[in-house]
Amino acid sequence: MKSSLVTTVKKNALKGVAAVFMACALVGLMACSSSKQENAQQGTTSSSDSSYTLVTKGHLTVVAELGFQPFEYFEGNSTTPVGFDVDLITEIAKRLNLEVTYLPNQKFDTLVPTIKQGGKADVAIAGITITDERSQEVDFTTSYLDSNQSLVVKSGSTETEQTLNDASKKVVVQTGTSGEDWAKENLPKATIVSVDDVAAAMAGVQTGLYDAMVIDLPVASNLISTSYSDLTIAKEIPTGEQYGIVVSKDNPALTEAINKVLADMEKDGTMTALKTKWFGSNI
Amino acid sequence: MIALLHKTMSGQQLSLCMSSASFKAESAPQSTAYNSAKSKLSHNRAYSSLLVVLLATLLLSGLFFMSLSVFSVQGAFALTTNKATTKSNQTEGNGVIGGKETRLTWEGTVEDEQVFQLTLQLPEGSDLQSATTKVTVLSGLTREKIEATASVQGTQVVISFATPVDAQKLIRVEISGMKFPADGGSYTVEGTYTTEQGTQKLASSPEITIIPNTPVQALVNWLDAQPWVEAWNSNHFLGMFLKPQLIVSSVVMLFPGWLVCLAIVICAYPVAIVLGMGFALLKISKNPLLRALAVVYINLLRGTPFFLQIYILFFGLPMLNINLDTNLLGFIVVAINSSAYLSEIFRAGIQSIPQGQYEAASSLGMNRLQTMTFIIIPQTIRRVIPPLTSDFITSYKDTSLLSSVGVMELMMFAKNLTTSTGNMTPYMTAALFYLAITLPLIKVVGTIEKRMEQSETGKTAIVAASKTQALSKEGN
């Protein structure tokens, strides 16, 4: 008799615990959704231009993959990103009376989904090529830089586009990049290996783990001249792709505001100055 | 000889002169060939005109014989066709399926003259209804600011340039959202271009192989048409994580990755067991040096993340000029990592055998080796089977980390598929593949443990069982 009492009490207690959990979860959920709404409202009303929304009031929250020298990278032991893109977005924010906040480093292939999903960052700028596929998910600002692809191999290697298109060859690319697209389409027989960061890919080519890498030409030139002297560009691939800043489709006013600033910067020479600073010439 | 003829067919003075120069076996360097040939021509006008006539005859016959070959004819075009490629639209492979949206990229270089208009003729039966065309004109690596308007007429894409495209410029046409004929087959992209000289035919592009619908793709298409699938996918969460179409295609696509995972861990584990047992014995040996060796090995490996060990091995070994296959490297790193954990499991197993067993063995006159082989280790094996299986499960799951260094295993395939589709479903399918192995093993561990409890404690298990029965009765 006693034991049965104990079990019923136990059962009830369990039920109680479960109920408390449920309640907590519900309250938590509600709190989450309401705080999100509040944030959005705050953003709308507080920014200098009330037509666009921001994740955090007064801040332009930027998400990027921060291993893309000279566009965004860490110099030495510094923890604040530097680079052409960083300078550009800082200038844009300044002209919009906003402060730039960079989110922690994120994988390249997650940038577009992050902006599409919303709530975390306002813009993504990380040498992102404007493509039709991406344009279906998010909006792009007008392009701010023309770029090309390159085929990077070890110095002294005799690999060419033709020899690499072979089942025995491994070509490394950064996941989700236009370089990956190019490699898959133009080297269909080779094994295309996608890795998350450029440094790992470059080191892999250096050590012979991979036969070649396909990566944006400005990044390849920069990295080879600064840190990977034993690599070389086997082929410059003219793709004429263009980089744009990614903004959510729900935030067209922000895209417009940035486009206006970009046009101004082009007109007053700031853009040329920035390009000269980072690339030595106005590319 | 034929190569020489092709060169001349481009109609360029330079190559014509060069070929006549080489006819006379001139050994002048190439850069001056033009000038030297020119002077020779003026001196021996009659001789050279004879040569030209001869050449022309040869040319004509050459043209006749080689007209079937695309490459040979290419030299005669003011706008050459460099390539025509298509983006893969197959989720479970890298082929291009007919009747499904893809992106065609055509590239050509303007050799001479100026190109005003370009018309690409896509294969009969292609669908261009929702296609968008992007035209890029490049001079070297620099984009040209040339306005181009593209319009679709049936299976033709007509591109007009606001300003004519000069020689040496590259024209790239990207047609997104187009569909090749559903039956598949080999196709070429044809077309015409317009210069001041009029409209001429383009060289055919290299062949593009289009595969007809695969059974998997057919199932995916069937799912596409189902209303319940649409309703299911309209829910943000379900559509993002459990999209039925992607579950189907990802199961097929992830399968080879799963085999790689299994192969690595199944090959690595026996090696890890042997290594682990070896280090376990070293750790309990009486020699302090051997003990120290085992302690260093085990602690270093157990004390550092597996991820780090992978990086060190994958980037370290090639630096030492040891180039191994990535799958082999994966096998090695899994074996080494598991061996450290296993040696601790074995050591604990050996030390859990009561001292009485050693005493009993020595009373039978066994030496240490005999005691270990016949008395202790057999008993240990039984005891370590459950933790060993748990560790196997861990190792199997840890193979996923190898994806970061390019081993084409399950996680890598899932990651690639997620990237190309922008959907999380492949990860869920990968989870199913992992669970297909881990769940049965977890069950096995549970069963073995229960059996061992029964055999070691005799009646306890039966008593426990009757207790639960009694409790459940009372509860009712």
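How each quantity is defined
Residues numbered from 1 in each chain as written. Chains lettered and ligands numbered in written order. Predicted model: local features only at pLDDT ≥ 70, side-chain atom pairs only at ≥ 80, totals over all residues. Helix = DSSP H or I, 4+ residues; strand = E, 2+ residues; numbered from the N terminus. Contact = placed C-beta atoms within 7 Å. Buried ≥ 20, exposed ≤ 12 C-beta atoms within 10 Å, placed from the backbone. Nonpolar A, V, L, I, M, F, W, Y, C, P; charged D, E, K, R; others polar. pLDDT = per-residue confidence, 0-100. Pairing = 2+ DSSP bridges. Axes fitted to C-alpha atoms, helices over the stretch in contact; angles between N-to-C directions. Core = buried A, V, L, I, M, F, W, Y, C linked by C-beta atoms within 7 Å. Expected span 1.5 Å × (residues − 1). Parallel < 35°, antiparallel > 145°, perpendicular 65-115°, else oblique. Left-handed = near helix turned anticlockwise from the far one by under 90°.

**Q** Before we move on, could you go through the overall build of chain A and cite the residues and values that matter?
**A** A count of helical and extended segments in chain A gives ten helices and ten strands. Relative to all contacts within chain A whose residues are 6 or more apart in sequence, the contacts with residues 24 or more apart total 68%.

**Q** So what's going on with the overall build of chain B? Residues and values would help.
**A** Secondary structure summary: chain B contains 17 helices and twelve strands in total. Looking at chain B residue by residue over its 476 residues, the buried ones come to 29%.

**Q** Before we move on, could you go through the interface of chain B and chain A and cite the residues and values that matter?
**A** Across the contact, 28 residues belong to chain B and 29 residues belong to chain A. For the side of chain B that touches chain A, the elements supplying multiple residues, two or more each, are β4 (132-139), β8 (170-179), α11 (306-319), α15 (410-421) and α17 (460-475) of chain B. At four residues, the largest contribution of residues to the side of chain B that touches chain A is made by α11 of chain B. Among the residues making up the side of chain B that touches chain A, the classes are represented as eight nonpolar, 15 polar and five charged.

**Q** Lay out the confidence of the model for chain B with the relevant residues and their values.
**A** Residues and elements named next belong to chain B. Overall, the predicted model of chain B reaches an average pLDDT of 81, with 79% of residues at or above 70. The secondary-structure element of chain B with the lowest mean pLDDT is helix α2 (residues 13-23), recorded at 38, while helix α10 (residues 288-303) shows the highest, at 95. A low-confidence stretch, residues 1-42 stays under pLDDT 50, and its non-local contacts, those more than four residues away or across chains, total 45 contacts. Segment residues 67-75 is flagged for pLDDT under 50; beyond a separation of four residues in sequence, or across chains, it makes twelve contacts in the model. Complex prediction metrics read pTM 0.62 and ipTM 0.74.

**Q** Describe the environment of I171 of chain B, and please don't skip the residues or the numbers.
**A** Residues and elements named next belong to chain B. Relative to the assigned elements, I171 resides in strand β8. Using a count of 24 C-beta atoms within 10 Å as the deciding quantity, one classes I171 as buried. Sequence separation between I171 and V137 is 34 residues, and the spatial gap between their C-alpha atoms is 4.6 Å.

**Q** Describe in detail the sheet that holds strand β11 (residues 198-201) of chain B, supporting the description with residues and values.
**A** Residue and element names in this part refer to chain B. Taken together, the five strands give an open sheet; going across it, the order is β6-β7-β3-β10-β11, and neighbouring strands pair in antiparallel fashion. Edge positions in the sheet fall to β6 (148-153) and β11, since each has one partner strand and no second. Strand-to-strand, the axes of this sheet are offset by a mean angle of 15 degrees, without reference to chain direction.

**Q** Tell me about the nonpolar core, and please be specific about residues and values.
**A** With 118 residues, the main nonpolar core has A124, V171 and M213 of chain A as its most contacted residues. Among the elements that line this core, the one with the most residues is helix α9 (residues 244-283) of chain B, at 15 residues. Excluding residues that lie within four positions of it along the chain, V171 of chain A makes contacts with L164, A183, L187, A190, I192, V193, Y210, D211, A212, M213 and V214 of chain A. Counting 27 residues, the second-largest nonpolar core is a separate cluster that includes V135, V157, I175 and A203 of chain B.

**Q** Now, about unusual backbone geometry: what can you tell me, with residues and values included?
**A** The residue after Q69 of chain A, namely P70 of chain A, is reached through a cis peptide bond having omega 0 degrees. Following the sequence through the fold, P70 of chain A ends up in the loop between β1 (59-63) and α2 (84-95). The phi torsion at Q168 of chain B lies on the positive side, around 70 degrees, for a residue other than glycine. The topology assignment puts Q168 of chain B in the loop between β7 (156-165) and β8. Given 11 C-beta atoms within a 10 Å radius, Q168 of chain B is considered exposed.

**Q** Give me the sheet that holds strand β6 (residues 170-174) of chain A: which residues, what numbers.
**A** All names here are of chain A. Taken in spatial order, the five strands line up as β7-β6-β8-β5-β9 in an open sheet, and their pairing is mixed. Each end of this open sheet is capped by a strand with a single partner; those strands are β7 (191-195) and β9 (231-243). Ignoring which end each strand starts from, the neighbouring axes of this sheet average 25 degrees apart. Sheet analysis places β6 next to β7, joined by five bridges and oriented parallel. Directly across from Q174, in β7, lies its bridge partner V195. Across the sheet, helix α6 (residues 178-186) lies against β5 (145-154), β6, β7, β8 (212-216) and β9, angled at about 155 degrees from β6, the strand it touches most.

**Q** Can you lay out α11 of chain B for me, pointing to particular residues and giving the numbers?
**A** Each α-helix winds once per 3.6 residues, and so residues spaced three or four apart point in a common direction. Across its 14 residues, α11 of chain B extends 20 Å between first and last C-alpha, which sits within 8% of the 20 Å expected from 1.5 Å per residue. Where α11 of chain B terminates, the next one or two residues include N321 of chain B, which has phi positive at roughly 65 degrees.

**Q** Account for the packing of α9 of chain B against α10 of chain B, naming residues and giving values.
**A** Residues and elements named next belong to chain B. As a packed pair, α9 and α10 sit with axes 7 Å apart at the nearest point and diverge in direction by 130 degrees. One element, α9, and the other, α10, form an angle in the oblique class. Where α9 crosses over α10, the two elements pack in a sense that is left-handed. In contact with F279, L282 and K283 of α9, α10 contributes L290, R291, L293, A294, V295, Y297 and I298. A class-by-class count of the residues in the contact of α9 with α10 yields eight nonpolar, no polar and two charged.

**Q** I'd like a description of the environment of A148 of chain B, backed by residues and values.
**A** All names here are of chain B. On the secondary structure map, A148 appears in strand β6. When the C-alpha positions of A148 and K134 are compared, they lie 8.7 Å apart, and in sequence the two are 14 residues distant. Ignoring sequence-local partners within four residues, the contact set of A148 consists of V135, I159, S160 and F161.

**Q** I'd like to hear about the packing of α11 of chain B against helix α12 (residues 326-351) of chain B, residue by residue, with values.
**A** Residues and elements named next belong to chain B. The N-to-C vectors of α11 and α12 enclose an angle of 140 degrees; their axes lie 10 Å apart at closest approach. Here α11 lies oblique to α12, going by the angle between them. For the pair α11 and α12, the crossing hand works out as right-handed. Counted together, F306, Q309, I310, L313, F314 and L317 of α11 and L329, I332, V333 and N337 of α12 form the full contact between these two elements. Split by residue class, the contact of α11 with α12 holds eight nonpolar, two polar and no charged.

**Q** Can you lay out the pairing of β4 of chain B for me, pointing to particular residues and giving the numbers?
**A** All names here are of chain B. Where β4 and β8 come together, seven bridges link them in antiparallel fashion. Across the sheet, the residue bridging to V135 is V173, located in β8. A loop of two residues connects β4 with strand β5 (residues 142-143), the two strands running antiparallel in sequence, and G140 in this loop sits at a positive phi of about 65 degrees.

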